[in-house]
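Listed below are the residues making up each chain.
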Amino acid sequence: MEKLIITVALTGNVPTKEMNPNLPVTPDEIAYDVRRCADAGAVLFHVHARDAQLKPTLDIEVFKEIVRKIKEVAPEVIIQLSTGGRAGKDWEARSKPIRLCPEMASFTTGSNNLPGMVYENPPQLLEYMAKIFNETGVKPEIEVFEAGMINNALYLHKKGWIHPPFHFDFVLGAPGAMAGSVKNLQFLVDSIPPGSTWSVAGIGKMEIPLAVAAIVMGGHVRIGLEDNLYMPDGSLASNPALVEKIVRITREIGREIASPDEAREILSLPKENKDRILNMLDKVF
Ligand code: ZN
(Lines give C-alpha, C1' and ligand atoms only; values in the text may rest on other atoms or scores of the structure.)
Protein backbone atom coordinates (compact mmCIF):
# COMPACT_ATOMS: atom_id res chain seq x y z
CA MET A 1 0.00 0.00 0.00
CA GLU A 2 1.06 3.56 -0.74
CA LYS A 3 2.53 5.45 2.21
CA LEU A 4 -0.03 7.47 4.18
CA ILE A 5 -0.29 11.23 3.73
CA ILE A 6 -1.44 12.96 6.90
CA THR A 7 -3.12 16.33 6.38
CA VAL A 8 -3.90 18.60 9.30
CA ALA A 9 -6.76 21.10 9.13
CA LEU A 10 -5.34 23.25 11.88
CA THR A 11 -7.85 26.01 12.57
CA GLY A 12 -10.89 26.27 10.27
CA ASN A 13 -13.41 29.09 10.51
CA VAL A 14 -15.79 27.84 13.17
CA PRO A 15 -13.87 26.66 16.27
CA THR A 16 -12.87 29.15 18.98
CA LYS A 17 -10.40 29.05 21.82
CA GLU A 18 -13.39 28.93 24.18
CA MET A 19 -14.36 25.60 22.59
CA ASN A 20 -10.81 24.30 22.74
CA PRO A 21 -7.86 26.34 24.07
CA ASN A 22 -5.47 24.22 21.98
CA LEU A 23 -6.81 25.82 18.78
CA PRO A 24 -4.05 27.70 16.94
CA VAL A 25 -5.38 31.03 15.62
CA THR A 26 -2.57 33.59 15.36
CA PRO A 27 0.13 33.18 12.70
CA ASP A 28 2.64 32.32 15.45
CA GLU A 29 0.38 29.72 17.01
CA ILE A 30 -0.38 28.20 13.62
CA ALA A 31 3.30 27.94 12.70
CA TYR A 32 4.14 26.44 16.10
CA ASP A 33 1.41 23.82 15.66
CA VAL A 34 2.65 23.02 12.14
CA ARG A 35 6.14 22.36 13.51
CA ARG A 36 4.84 20.06 16.24
CA CYS A 37 2.50 18.20 13.86
CA ALA A 38 5.29 17.81 11.29
CA ASP A 39 7.54 16.36 13.98
CA ALA A 40 4.76 13.88 14.74
CA GLY A 41 4.42 12.80 11.07
CA ALA A 42 2.03 15.20 9.29
CA VAL A 43 3.11 16.64 5.93
CA LEU A 44 0.23 18.63 4.47
CA PHE A 45 -1.37 21.63 6.18
CA HIS A 46 -4.79 23.08 5.36
CA VAL A 47 -4.65 26.71 6.43
CA HIS A 48 -7.37 29.23 7.34
CA ALA A 49 -6.73 32.79 8.51
CA ARG A 50 -8.17 34.81 11.41
CA ASP A 51 -8.08 38.57 11.95
CA ALA A 52 -6.89 40.38 15.09
CA GLN A 53 -10.29 39.68 16.71
CA LEU A 54 -9.73 35.98 15.88
CA LYS A 55 -12.65 36.03 13.41
CA PRO A 56 -12.34 34.26 10.02
CA THR A 57 -10.81 36.52 7.39
CA LEU A 58 -9.90 36.38 3.72
CA ASP A 59 -7.32 39.17 4.18
CA ILE A 60 -4.45 38.06 1.98
CA GLU A 61 -1.97 39.87 4.23
CA VAL A 62 -2.84 37.51 7.07
CA PHE A 63 -2.39 34.51 4.79
CA LYS A 64 1.02 35.88 3.79
CA GLU A 65 2.02 36.29 7.42
CA ILE A 66 0.99 32.72 8.23
CA VAL A 67 2.86 31.34 5.22
CA ARG A 68 5.98 33.34 6.10
CA LYS A 69 5.97 31.92 9.63
CA ILE A 70 5.29 28.35 8.52
CA LYS A 71 8.12 28.51 5.96
CA GLU A 72 10.45 29.74 8.71
CA VAL A 73 9.82 26.87 11.08
CA ALA A 74 8.82 24.05 8.72
CA PRO A 75 10.15 24.72 5.22
CA GLU A 76 9.66 21.09 4.20
CA VAL A 77 5.87 20.83 4.57
CA ILE A 78 3.18 21.22 1.91
CA ILE A 79 0.97 24.27 2.40
CA GLN A 80 -2.65 24.16 1.26
CA LEU A 81 -4.54 27.43 1.62
CA SER A 82 -8.29 27.44 2.09
CA THR A 83 -10.64 29.10 -0.38
CA GLY A 84 -13.60 28.27 1.86
CA GLY A 85 -16.59 30.55 1.91
CA ARG A 86 -17.33 31.02 5.58
CA ALA A 87 -14.94 33.95 5.91
CA GLY A 88 -16.74 35.92 3.19
CA LYS A 89 -18.56 35.62 -0.09
CA ASP A 90 -16.47 37.85 -2.31
CA TRP A 91 -15.19 35.76 -5.24
CA GLU A 92 -12.02 37.73 -5.74
CA ALA A 93 -11.13 37.55 -2.05
CA ARG A 94 -11.85 33.83 -1.97
CA SER A 95 -9.51 33.24 -4.90
CA LYS A 96 -6.60 35.34 -3.71
CA PRO A 97 -5.10 32.46 -1.70
CA ILE A 98 -4.79 30.56 -5.03
CA ARG A 99 -3.04 33.53 -6.64
CA LEU A 100 -0.50 33.44 -3.83
CA CYS A 101 0.66 30.16 -5.45
CA PRO A 102 0.79 27.71 -2.55
CA GLU A 103 1.50 24.13 -3.61
CA MET A 104 -2.20 23.38 -3.08
CA ALA A 105 -5.45 25.16 -2.34
CA SER A 106 -8.81 23.71 -1.37
CA PHE A 107 -11.67 23.83 -3.88
CA THR A 108 -15.22 22.83 -2.97
CA THR A 109 -16.95 21.95 -6.23
CA GLY A 110 -20.57 22.53 -5.27
CA SER A 111 -22.99 23.84 -2.67
CA ASN A 112 -24.47 22.19 0.38
CA ASN A 113 -26.08 23.01 3.71
CA LEU A 114 -23.98 23.58 6.81
CA PRO A 115 -25.29 24.50 10.27
CA GLY A 116 -27.43 27.61 9.82
CA MET A 117 -26.26 28.41 6.31
CA VAL A 118 -25.90 27.38 2.71
CA TYR A 119 -22.29 26.86 1.72
CA GLU A 120 -22.57 28.62 -1.63
CA ASN A 121 -20.38 27.49 -4.48
CA PRO A 122 -22.49 28.20 -7.58
CA PRO A 123 -21.44 27.03 -11.08
CA GLN A 124 -20.19 30.49 -12.07
CA LEU A 125 -17.87 30.61 -9.05
CA LEU A 126 -16.56 27.11 -9.78
CA GLU A 127 -15.73 28.21 -13.31
CA TYR A 128 -14.08 31.40 -12.06
CA MET A 129 -11.94 29.56 -9.54
CA ALA A 130 -11.12 26.63 -11.82
CA LYS A 131 -9.69 29.08 -14.36
CA ILE A 132 -7.43 30.55 -11.68
CA PHE A 133 -6.23 27.05 -10.73
CA ASN A 134 -5.49 26.53 -14.42
CA GLU A 135 -3.62 29.83 -14.79
CA THR A 136 -1.53 29.45 -11.66
CA GLY A 137 -0.85 25.71 -11.83
CA VAL A 138 -1.82 25.38 -8.16
CA LYS A 139 -3.12 21.90 -7.45
CA PRO A 140 -6.68 21.90 -6.13
CA GLU A 141 -7.71 19.60 -3.33
CA ILE A 142 -11.26 18.92 -4.44
CA GLU A 143 -13.43 19.06 -1.33
CA VAL A 144 -16.43 16.77 -1.73
CA PHE A 145 -19.31 17.19 0.74
CA GLU A 146 -21.87 15.54 -1.57
CA ALA A 147 -21.49 12.97 -4.35
CA GLY A 148 -22.52 15.41 -7.11
CA MET A 149 -19.43 17.49 -6.40
CA ILE A 150 -17.34 14.76 -8.05
CA ASN A 151 -19.34 15.22 -11.27
CA ASN A 152 -18.94 18.99 -11.04
CA ALA A 153 -15.17 18.54 -10.80
CA LEU A 154 -15.17 16.23 -13.82
CA TYR A 155 -17.16 18.85 -15.75
CA LEU A 156 -14.49 21.46 -14.95
CA HIS A 157 -11.92 18.97 -16.22
CA LYS A 158 -13.89 18.49 -19.43
CA LYS A 159 -13.79 22.25 -19.96
CA GLY A 160 -10.00 22.07 -19.65
CA TRP A 161 -9.61 24.03 -16.39
CA ILE A 162 -8.48 21.38 -13.93
CA HIS A 163 -6.21 18.51 -14.74
CA PRO A 164 -5.61 14.93 -13.59
CA PRO A 165 -4.35 13.27 -11.54
CA PHE A 166 -6.98 14.70 -9.17
CA HIS A 167 -6.82 14.74 -5.40
CA PHE A 168 -10.19 14.49 -3.65
CA ASP A 169 -10.93 15.07 0.01
CA PHE A 170 -14.23 13.59 1.16
CA VAL A 171 -15.69 15.71 3.94
CA LEU A 172 -18.16 13.43 5.65
CA GLY A 173 -20.40 13.94 8.65
CA ALA A 174 -20.85 17.72 8.44
CA PRO A 175 -24.36 18.54 9.71
CA GLY A 176 -26.36 19.37 6.55
CA ALA A 177 -24.27 17.28 4.16
CA MET A 178 -23.38 13.65 3.45
CA ALA A 179 -23.29 11.47 6.57
CA GLY A 180 -20.05 10.08 7.93
CA SER A 181 -20.24 6.37 7.20
CA VAL A 182 -17.82 3.87 5.72
CA LYS A 183 -20.54 2.97 3.20
CA ASN A 184 -20.64 6.57 1.94
CA LEU A 185 -16.85 6.72 1.85
CA GLN A 186 -16.65 3.52 -0.21
CA PHE A 187 -19.26 4.85 -2.63
CA LEU A 188 -17.31 8.09 -3.15
CA VAL A 189 -14.02 6.25 -3.58
CA ASP A 190 -15.67 4.06 -6.22
CA SER A 191 -16.95 7.18 -8.00
CA ILE A 192 -13.66 8.98 -8.72
CA PRO A 193 -11.54 8.44 -11.85
CA PRO A 194 -8.80 5.80 -11.72
CA GLY A 195 -5.43 7.31 -10.91
CA SER A 196 -6.91 9.86 -8.48
CA THR A 197 -5.74 10.12 -4.90
CA TRP A 198 -8.11 10.75 -2.03
CA SER A 199 -8.33 11.50 1.66
CA VAL A 200 -11.18 11.62 4.11
CA ALA A 201 -12.04 14.34 6.61
CA GLY A 202 -14.54 12.96 9.11
CA ILE A 203 -16.34 15.67 11.01
CA GLY A 204 -16.78 15.45 14.79
CA LYS A 205 -16.90 11.98 16.27
CA MET A 206 -16.33 10.36 12.89
CA GLU A 207 -12.88 11.90 12.43
CA ILE A 208 -10.83 9.03 13.82
CA PRO A 209 -13.11 6.14 12.71
CA LEU A 210 -13.19 7.37 9.09
CA ALA A 211 -9.44 8.02 9.19
CA VAL A 212 -8.95 4.41 10.25
CA ALA A 213 -11.17 3.26 7.37
CA ALA A 214 -9.08 5.32 4.93
CA ILE A 215 -5.84 3.91 6.33
CA VAL A 216 -7.10 0.38 5.70
CA MET A 217 -8.62 1.23 2.29
CA GLY A 218 -5.39 2.75 0.96
CA GLY A 219 -6.54 6.37 1.03
CA HIS A 220 -5.13 9.26 3.00
CA VAL A 221 -6.36 11.16 6.03
CA ARG A 222 -7.23 14.68 7.08
CA ILE A 223 -7.54 15.33 10.78
CA GLY A 224 -7.35 18.42 12.95
CA LEU A 225 -9.27 20.82 15.11
CA GLU A 226 -11.09 22.39 12.14
CA ASP A 227 -13.06 19.16 11.82
CA ASN A 228 -13.16 17.84 15.38
CA LEU A 229 -12.28 19.19 18.82
CA TYR A 230 -12.11 15.98 20.86
CA MET A 231 -10.07 12.84 21.25
CA PRO A 232 -12.08 9.61 21.00
CA ASP A 233 -12.13 9.38 24.83
CA GLY A 234 -13.92 12.75 25.02
CA SER A 235 -10.95 14.79 26.25
CA LEU A 236 -9.98 17.99 24.41
CA ALA A 237 -7.85 17.28 21.36
CA SER A 238 -4.84 19.14 20.06
CA ASN A 239 -3.55 18.95 16.50
CA PRO A 240 -0.29 17.19 17.46
CA ALA A 241 -2.16 14.68 19.67
CA LEU A 242 -4.46 13.78 16.77
CA VAL A 243 -1.46 13.29 14.47
CA GLU A 244 0.27 11.11 17.06
CA LYS A 245 -2.83 8.93 17.36
CA ILE A 246 -3.09 8.46 13.58
CA VAL A 247 0.61 7.64 13.29
CA ARG A 248 0.31 5.06 16.07
CA ILE A 249 -2.73 3.37 14.49
CA THR A 250 -1.14 3.40 11.03
CA ARG A 251 2.04 1.76 12.27
CA GLU A 252 0.08 -0.85 14.22
CA ILE A 253 -1.65 -1.81 10.98
CA GLY A 254 1.66 -2.00 9.16
CA ARG A 255 1.33 0.95 6.80
CA GLU A 256 4.09 3.54 6.50
CA ILE A 257 3.83 7.31 6.80
CA ALA A 258 4.82 9.52 3.85
CA SER A 259 7.51 12.17 4.23
CA PRO A 260 6.80 15.59 2.66
CA ASP A 261 8.71 14.70 -0.52
CA GLU A 262 7.06 11.29 -0.73
CA ALA A 263 3.70 13.04 -0.40
CA ARG A 264 4.67 15.41 -3.25
CA GLU A 265 5.43 12.35 -5.36
CA ILE A 266 2.12 10.65 -4.49
CA LEU A 267 0.16 13.86 -5.19
CA SER A 268 2.12 14.62 -8.38
CA LEU A 269 3.10 18.06 -7.06
CA PRO A 270 5.80 19.64 -9.26
CA LYS A 271 9.01 20.01 -7.25
CA GLU A 272 9.62 23.44 -8.78
CA ASN A 273 6.42 24.73 -7.15
CA LYS A 274 7.60 23.94 -3.62
CA ASP A 275 8.83 27.44 -2.77
CA ARG A 276 7.09 29.44 -5.49
CA ILE A 277 4.98 31.07 -2.77
CA LEU A 278 8.05 32.74 -1.23
CA ASN A 279 8.39 34.97 -4.30
CA MET A 280 4.76 36.03 -3.97
CA LEU A 281 4.81 37.20 -0.37
CA ASP A 282 5.89 40.73 -1.22
CA LYS A 283 3.51 41.11 -4.16
CA VAL A 284 0.47 43.35 -3.89
CA PHE A 285 -2.81 41.59 -4.67
ZN1 ZN B 1 -11.09 24.39 5.80
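Throughout this description, residue numbers start from 1 for each chain and increase along the sequence as written. pLDDT decides what is reported in this predicted model: residues at 70 or higher carry local features, side-chain atom pairs at 80 or more are listed and counted, and totals for whole chains, interfaces and linings draw on all residues regardless. For the side-chain quantities, the full set of heavy atoms in the structure was used; hydrogens and water were omitted.

Asker: Which parts of the structure should I look at to understand the coordination of the zinc ion?
Answerer: Listed donors are limited to N, O and S atoms within 2.8 Å of the metal, widened to 3.2 Å for Na, K and Ca; water is not among them, so incomplete-looking sites are possible. The coordination sphere of the zinc ion contains the protein donors H46 (NE2), H48 (NE2), E226 (OE) and E226 (OE), at a distance range of 2.0 to 2.7 Å. Coordination geometry of the zinc ion: the 4 donor atoms subtend angles of 52 to 130° at the metal centre, consistent with an arrangement described as irregular. Each donor residue of the zinc ion belongs to the same chain, and together they define the spacing H-x1-H-x177-E. Here the residue H48 occupies a position in the loop between β2 (44-47) and β3 (49-50), and E226 occupies one in the loop between β12 (220-223) and α8 (239-253), the gap between them amounting to 178 residues. Partly exposed residues are those whose accessible area sits between 20% and 50% of the maximum for their type, while under 20% is buried and over 50% is exposed, using a 1.4 Å probe and protein chains only. Overall, the relative accessible area of 6% leaves H48 in the buried class. Assessed through its relative accessible area of 22%, E226 is described here as partly exposed. Four donors are marked tetrahedral only if all angles between them lie between 85 and 135 degrees, whereas four are marked square planar and six octahedral if opposite donors are more than 155 degrees apart and the other angles lie between 65 and 115; the remainder are marked irregular. Secondary structure is summarised from DSSP: a helix means a run of H or I of at least four residues, a strand means a run of E of at least two, and numbering begins at the N terminus for each.

Asker: Can you walk me through the packing of aromatic side chains in this structure?
Answerer: How two aromatic rings sit relative to each other is given by the distance of their centres and the angle of their planes. Pairing of aromatic side chains here covers Phe, Tyr and the six-membered ring of Trp, requires ring centres within 6.5 Å, and sorts the geometry by plane angle: under 30 degrees stacked, over 60 edge-to-face, intermediate tilted. Within the structure shown, the criterion is met by 6 aromatic pairs. Members of the aromatic cluster, joined through ring pairs, are F166, F168, F170 and W198.

Asker: I keep staring at the environment of P27 and nothing clicks. Help me out?
Answerer: Within the secondary structure layout, P27 lies in helix α1 (residues 27-40). A relative accessible area of 18% places P27 in the buried class. The contact rule is simple, with two residues in contact once any of their heavy atoms fall within 4.5 Å. Among all residues touching P27, those that are not within four sequence positions of it are E65, I66 and K69.

The values are spatial; any link to function lies outside them.
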